[in-house]
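# Analysis of the macromolecular model
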Amino acid sequence: MTYNNRICKCIFQHNAATPFRSIFSASESDDLIALCKNVFNRSFTNGIGVRLDYCNQENQASIVGLSEVRFFDFLLSNFALLNHEKLLLSASASQSRSLKRLKERFAHDGNPDSVGSILQREYLANTLAVSFLISDHAGQFLLTKRNATVGISSGFVSVTVTGAIDDNDYSAEDPFRNCCQRELLEEMDYNLDSCAITPFMIVCGEKKLQPIVLANAQVESISEIVERITAHKGFSLENSGYAIYNRDDISHLLADGNVRITEAARTHLESAINAD
């Protein structure tokens, strides 16, 4: 299940100070970061992320508030809630108390019922990412499978490209489109004009709780991109393969209980096959 928020013409507001407030002290944070690195056997670097502070509809436009946070803010909030039980299995007594305090704070605020109700929780970093799906005029869609090197959702079937909105995207005129362009160029060596990209929805998964911007684009032929994938080393850094599907293929994929698909990708693909 996902919470969905339709967006149209986006007007971006950059907030100098983020409203994010961690519930952990500096020492608690350091302790929990070490736990996450140990449990997931990853180094995790503390790069800059972009928080979605709010998304309000005004006069047929979406007013999008953004601020800068760090990856560890996300790791110790949205990510820690998603992986709460797994982290507890290896946690010390003090780490367990910290994790339980986060879980209790979330439970105290009640179950979210919308994207907005998640964004209002100042102790969640709510770092933004994009889910970008490309199709062609023949009704074909380019899907990928994430490999074991990615930090989140390894082994899952995904849309064409995904990725976190970073500080360079944050500085762009349109952070959503810029991220889609950048990820497509990095992973598939394909340059697409920003005018061809349509962000249309922000979703938050009931489990992952991370806001994801869904965006679509259509090209003349998927083969244009596939030709570049086979010769581009950047593709294999995060992907183990790709597949070309039509709408019927995607319907069967979504119905297959053995296929792992993220909440955001599932919503994105359902939207694609149900589009006029």
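Structure first, text after, so check above.
In this text, all values refer to a predicted model and were calculated from it rather than measured experimentally.

Each value, and the rule that gives it
Residues numbered from 1 in each chain as written. Predicted model: local features only at pLDDT ≥ 70, side-chain atom pairs only at ≥ 80, totals over all residues. Heavy atoms only, no water. Buried < 20%, exposed > 50% of the residue type's maximum accessible area, 1.4 Å probe, protein only. Helix = DSSP H or I, 4+ residues; strand = E, 2+ residues; numbered from the N terminus. Pairing = 2+ DSSP bridges. Polar contact = N/O pair within 3.5 Å; in protein donor to acceptor, adjacent residues only side chain to side chain.

### Re the pairing of strand 5 (residues 129-136)
Counting buried positions over the eight residues of strand 5 gives eight, a clear majority of the element. As paired elements, strand 5 and strand 8 (residues 161-164) share four bridges and run antiparallel to each other. Counted as the bridge partner of alanine 129 is alanine 164 from strand 8. Taken together, the eight bridges between strand 5 and strand 10 (residues 211-219) define a ladder with parallel strand orientation. Considered in strand 10, the bridge of leucine 133 is made with asparagine 216. Taken together, the two bridges between strand 5 and strand 6 (residues 141-146) define a ladder with antiparallel strand orientation. From the neighbouring strand, isoleucine 134 faces strand 6, where its bridge partner is leucine 142. Where strand 5 hands over to strand 6, the hairpin turn is made up of four residues, of which glycine 139 adopts a positive phi near 80°.

### Some points on the side chain of arginine 146
Tracing the chain through its elements places arginine 146 in strand 6. Overall, arginine 146 belongs to the buried group, its relative accessible area being 8%. Of note is the side chain of arginine 146, whose polar atom sits 3.3 Å from the side chain of threonine 162. In this structure the side chain of arginine 146 is engaged in a polar contact, spanning 2.8 Å, whose partner is the side chain of glutamate 238.

These values are about where atoms sit, not about what they do.
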